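# Overview (structure and organization)
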Amino acid sequence: MTTSTKGLSDFVAEATEILDALSRDLAILDRRRGERLEPDLVNGIFRSAHSLKGLAAMFGEQRIAQLAHQTEDLLDRLRLGRIELTEKVVDALIESFDTFQVVLAETSRRERSAVATERAEAVSQKLAQFIDSGTVEQSDALDQLELDTQVRNVLTEYEEHRLRENLREGMAVWKVRAVFDLSDFDQGLARLNSKLKSLGEVISTLPSADPGDGTGIAFDIIFGGKVETEKLRLALTALPASVHPLFQFQPQPAEPSLPLERLVSPTPPGAEPEHRSPVRVAVSNAPQQASGALPAYANPRFGTADAMVRPSPKQPDGEGDPVGRGLTQTVRVDIGRLDSLMDAVGELLLIKANVARLAEQASRGGKPPPGQLWGHELHRESRLLERKLDDLQKGILEVRMVPLGQVFDKLARTVRRIARESGKEVDFLMRGGEVEVDKLIVEALSDPLMHIVRNAVDHGVETPDERERLSKRPRAAVAIRAMQRGNQVVIEISDDGRGLDEERIREVAVRTGILTRAQAEEMTPRELQRLIFLPGFSTASRVSELSGRGVGLDVVKTNISRLSGMIDTHSERGVGSTFTITLPETLAIVRALVVSVSGRVYAVPLNAVSEITSIAESEVRTVEGREVIGLRGKTIPLARLARVFELPETELRRRFILVVGLAHRRLGIAVDELLGQQDVVVKPLGGRLRHTPGIAGATDLGDRNPVLVLDTGALIEEVVNSERRPELV
Amino acid sequence: MAAFADILKQFFYAPDEDVGELFRPSIPADEMTLLASQERPGEYLAFFLAQECYAIPIDQVREIVRVPPLTEIPRSADNLLGVIKLRGEILPVYDVKMRLKLCERPPKIAGPEVEPGSLTSTSRILIVRDPEGDVGVLVDAVREVIRLKPSEIESLAPGIGGGDHLVGLGHLGTDLFILLDIHKALA
């Protein structure tokens, strides 16, 4: 890897953006399986793959470039109609997208594992299989057209393909000749184009071979649409255009939905049930694949292409992969928001100039301004400063906000995959994707949401057969909704599946010894439902025993409460379940070191800690009665946290020392144990406890009680600046 | 097993307790209408501290919760028992018994050195509204909601009560309720 760090992060950021776009388009493609293919959509995906290829090649990322190249090839054939968009092709595209994510994640960590390389190659080969197989023989429909060979020769392959498609769908095709004045032909052409687009598809715009009279410029527009020639003429009356039919539109009343008709399989239903999509029943009309002519499908290595095959361990999995999280630390920012930040900074500079002027006035040898007036002015400036700093802080928090939709798109893919794997038909509804929350929250939410949604599809909703027996709609609905409520964001995930089985929960709780029989009988259904969030509840029971809803939900709860959020559930047997997550809009998240002293747990902001070491009791010296330790030839004061906080001290031979502070104001803080690192949300204690010395706030580590966060700055002040403490003498 | 039951009890957000039974009108309903024009009774929440029954205006109480695990605040005032988290909010919990001279020192209910027996199954925390930020007050048990008319409140005679945190004494039948100014008791 020769790329510099900057180059690498640029690459990862840009590639992530492309993949985001790709993900959105693929999600649409996936959702519309079996519907008429939208040329613009496939074209868009093609372009994304193309830019990814170029980008990866530029940065020397061979694995991505190679795979992108194959994907691009496949999409190129797809948009030219050389191969059909079948279930398997969509699956392969999604798989290649997942692989991009995995490889990109590795690249961002400057790693290169054999597993990922192998996977990229496997996917690449699979795409190649499609490409090789995909030569759809065509009796050339274009021969029916009364098209000049001259014109036909200049049509691009893509344009020819669109022309064929239009013919196949029974559209009429015209040549529209338009003559414009040279001075404003661009506007005229734009007007004509927009008029035509409302009626059909503009396949190609060509400068006319026959320029007409000398003053203007003529265009031949090949246009396909389902209108009658007279109507088209009428629509274009105001424009300098004439219409020449190339192929007549024939109304076919017997088959009104002709375009859809061609999607129905020539093979009888049930001939290949394993290829029926559980998401949307649309059967492919690609006989060359249905017949099993592709050797790749017989090969177990490519077994993942078949939706019904159980996922192999290497199968990309939303929860296991790092793909759900953002790989980049970049945030795209609306320029307007940056402008307001700039304004705030500008005003801060003004205030600074004012303060400097006041300082100069006071220090000038000449006549000093009256003290009261001077103080008054200084006071005013400080108030202004406070307000502007407030604005600045708010502005910066706003910049950190990103829409929740980013996560939702990823969830949609997961839902479809799991539905396919478990043979269920699921409509996934998303609302409120535009609601914005802090980027860190969005990223930390990805896993918990994935988990809940996965549970909903996997265990919550029933199979189509079962649903029919229960006289429910065969297609289950799983919905995710986000709402803004004050400065909180509420996310609801609901399904119309079988709901939680309270009896089952009660039984499992009693059997695993979580509750006594009497306790269990006393609990209300709602209390029982909440048991599923209990740590250890799920591991103590079998997935199937609870309709699987208990799996790892304690982890979800812990993750949510770490974001200062809450999760609750409401479920009705046979009707469905709803999980409600309430979150703050923004967070002050810091990475913290979790330590313990005398049996108490504290969090220390990691950015305040410059070094961690450990010392034996015998290494502690005293200077004038105050304890000090040596740190690589320097002597720094030592503060035992237990002593500073007046806690009962524990006897230990060795203690951990957190070195905090800078340069001459350093301090070693002695603690008993290091428990780990964690991202924590610090909440100020507020109210009456605002001025608690040495404590910056409290946080939730998923324990039942709050954990205090140390204010190392205040501790340094206290210990370094204090007079000799009497208890140390 | 008992420990696990405790964990369970703590695990849930303490559900709203049914307060229906707490209401005890001081007078039968038919007499109420008659009296309404003359005197408006005030509603008070009555609770036990040690063996004494105290009451504070009910509109000062935001909610009543079971006692969750507390985190002690190092080097804090004696009457600060610790902090709790309540639906994501961090709230301080205070002892008022010491101020009311009902005990020598506040019970130790936070941190690893909890004194056994300092909390009972009836112990509750009243979350009291306060302009400086809401606070929790530990009580031994919640008794009921009572209605007291001004005429049922006796002002304190000299020699009764040791500070301005007592407002008066309420009488309901033979029961005596000590009316507390909770903000002064916390100060």
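Residues numbered from 1 in each chain as written. Chains lettered and ligands numbered in written order. Predicted model: local features only at pLDDT ≥ 70, side-chain atom pairs only at ≥ 80, totals over all residues.

### Some thoughts on the overall build of chain B
- Within chain B one finds 3 helices and 12 strands.
- Residue burial in chain B is summarised as follows: out of 187 residues, 29% are buried.
- Long-range pairs, those at least 24 residues apart, make up 56% of the contacts in chain B between residues at least 6 apart in sequence. (Helix = DSSP H or I, 4+ residues; strand = E, 2+ residues; numbered from the N terminus. Buried ≥ 20, exposed ≤ 12 C-beta atoms within 10 Å, placed from the backbone. Contact = placed C-beta atoms within 7 Å.)

### Quick notes on the overall build of chain A
- Check the secondary structure of chain A and you find 22 helices and 22 strands.
- Counting the 729 residues in chain A, one finds 34% classified as buried.
- Sequence-distant contacts in chain A: of pairs separated by 6 or more residues, those separated by 24 or more amount to 69%.

### Things to note about the packing of helix H14 (residues 405–422) of chain A against helix H15 (residues 439–460) of chain A
All names here are of chain A.
- Running from N to C, H14 and H15 point in directions that differ by 25°, and their axes come no closer than 9 Å. By the criterion of interaxial angle, the relationship of H14 to H15 is roughly parallel. Where H14 crosses over H15, the two elements pack in a sense that is right-handed. Taken together, the residues of H15 that come into contact with H14 (itself represented by Gln406, Val407, Lys410, Leu411, Thr414, Val415, Ile418, Ala419 and Ser422) are Val442, Leu445, Ser446, Leu449, Met450, Val453, Arg454, Val457 and Asp458.
- Among the residues making up the contact of H14 with H15, the classes are represented as 11 nonpolar, 4 polar and 3 charged. (Axes fitted to C-alpha atoms, helices over the stretch in contact; angles between N-to-C directions. Parallel < 35°, antiparallel > 145°, perpendicular 65-115°, else oblique. Left-handed = near helix turned anticlockwise from the far one by under 90°. Nonpolar A, V, L, I, M, F, W, Y, C, P; charged D, E, K, R; others polar.)

### Some details on the interface of chain B and chain A
- Taken together, the contact between chain B and chain A spans 25 residues of the former and 29 residues of the latter.
- When contributions to the side of chain B that touches chain A are tallied by element, the ones reaching two or more residues are helix H1 (2–11), strand E5 (80–86) and strand E6 (89–94) of chain B.
- Considering each element in turn, the side of chain B that touches chain A owes the most residues, 4 residues, to H1(B).
- Looking at the side of chain B that touches chain A residue by residue, the class counts come to 15 nonpolar, 6 polar and 4 charged.

### Examining the sheet that holds strand E11 (residues 576–584) of chain A
All names here are of chain A.
- The 5 strands lie next to each other as E6-E8-E9-E11-E10, forming an open sheet whose pairing is mixed. The open sheet is flanked by strand E6 (426–431) and strand E10 (566–572), the only strands paired with a single partner. Looking at each pair of strands side by side, their axes are set apart by 10° on average, direction ignored.
- This element, H14, spans E6 and strand E8 (476–485) of the sheet and lies at about 170° to E6.
- Sheet contacts for H15: E6, E8, strand E9 (488–495) and E11; angle to E9, the most-contacted strand, approximately 20°. (Pairing = 2+ DSSP bridges.)

### What to know about the sheet that holds strand E8 (residues 135–139) of chain B
Residues and elements named next belong to chain B.
- Spatially, 5 strands are ordered E4-E7-E8-E6-E5 in an open sheet, and the strand pairing comes out mixed. The sheet is open, and its two edges are formed by strand E4 (61–66) and E5, each paired on a single side. Each neighbouring strand pair of the sheet contributes to a mean axis angle of 30°, computed without reference to strand direction.
- Where E4 meets strand E7 (residues 124–128), 5 bridges bridge the pair, whose relative direction is antiparallel. Its bridge partner being in E7, Glu63 is matched across the sheet by Ile127.

### Focus: the confidence of the model for chain B
- Per-residue confidence for chain B gives a mean pLDDT of 82, with 79% of residues at or over 70.
- The ipTM assigned to the predicted complex is 0.79, against a pTM of 0.45. (pLDDT = per-residue confidence, 0-100.)

### Things to note about the nonpolar core
- Grouped together as the largest cluster of nonpolar side chains are 163 residues, with contacts concentrated most on Val415(A), Val453(A), Ile669(A), Ala55(B) and Val137(B).
- In terms of residues, this core owes the most to one element, H15(A), which gives 10 residues.
- Counting residues in each nonpolar core, the second largest holds 16 residues, with Leu163(A), Ala172(A), Val173(A) and Ile221(A) among its members. (Core = buried A, V, L, I, M, F, W, Y, C linked by C-beta atoms within 7 Å.)

### Points about the environment of Thr613(A)
- Considering the arrangement of structural elements, one finds Thr613(A) in strand E14 (residues 609–616).
- Separated by 46 residues in the primary sequence, Thr613(A) and Val659(A) have C-alpha atoms spaced 7.8 Å apart.

### Quick word on the environment of Thr414(A)
All names here are of chain A.
- Take Thr414: it is sitting in helix H14.
- Since 20 C-beta atoms lie within 10 Å of it, Thr414 is described here as buried.
- Sequence spacing of Thr414 and Arg454 is 40 residues, and the spatial spacing of their C-alpha atoms is 7.4 Å.

### Here we look at the packing of helix H2 (residues 39–58) of chain A against helix H3 (residues 62–79) of chain A
Residues and elements named next belong to chain A.
- At a minimum axis distance of 8 Å, the contact between H2 and H3 shows a crossing angle of 155°. Classed by the angle they form, the pair H2 and H3 counts as roughly antiparallel. For the crossing formed where H2 meets H3, the hand is left-handed. Contacts between H2 and H3 involve Pro39, Val42, Asn43, Ile45, Phe46, Ala49, His50, Leu52, Lys53, Ala56 and Ala57 from the first element and Ile64, Ala65, Ala68, His69, Thr71, Glu72, Leu75, Asp76, Leu78 and Arg79 from the second.
- Residues of the contact of H2 with H3, tallied by class, amount to 13 nonpolar, 4 polar and 4 charged.

### A look at the pairing of strand E21 (residues 695–699) of chain A
All names here are of chain A.
- Burial analysis of E21 places 5 of its 5 residues in the buried class, the great majority of the element.
- Pairing between E21 and strand E22 (residues 707–710): 4 bridges, direction antiparallel. Along E22, the bridge assignment pairs Gly697 with Val709.

### Here's the deal with the confidence of the model for chain A
Residue and element names in this part refer to chain A.
- Overall, the predicted model of chain A reaches an average pLDDT of 75, with 78% of residues at or above 70.
- Taken element by element, chain A is modelled with least confidence in helix H11 (residues 287–290), mean pLDDT 36, and with most confidence in helix H21 (residues 641–644), mean pLDDT 93.
- Note that pLDDT drops below 50 for residues 251–326; the model gives that stretch 111 contacts with residues more than four away or on any other chain.
- Long-range and interchain partners of residues 539–551, a stretch whose pLDDT sits below 50, account for 30 contacts in this model, where long-range means more than four residues apart.

### Quick word on the pairing of strand E3 (residues 52–57) of chain B
Residue and element names in this part refer to chain B.
- The pairing of strand E2 (residues 42–49) with E3 spans 6 bridges and is antiparallel. If you follow Leu45 over to E3, its bridge partner there is Ile56.
- Relative to strand E12 (residues 175–180), E3 is paired through 2 bridges, and the arrangement is parallel. Bridge pairing in E12 links Tyr54 to Ile178.

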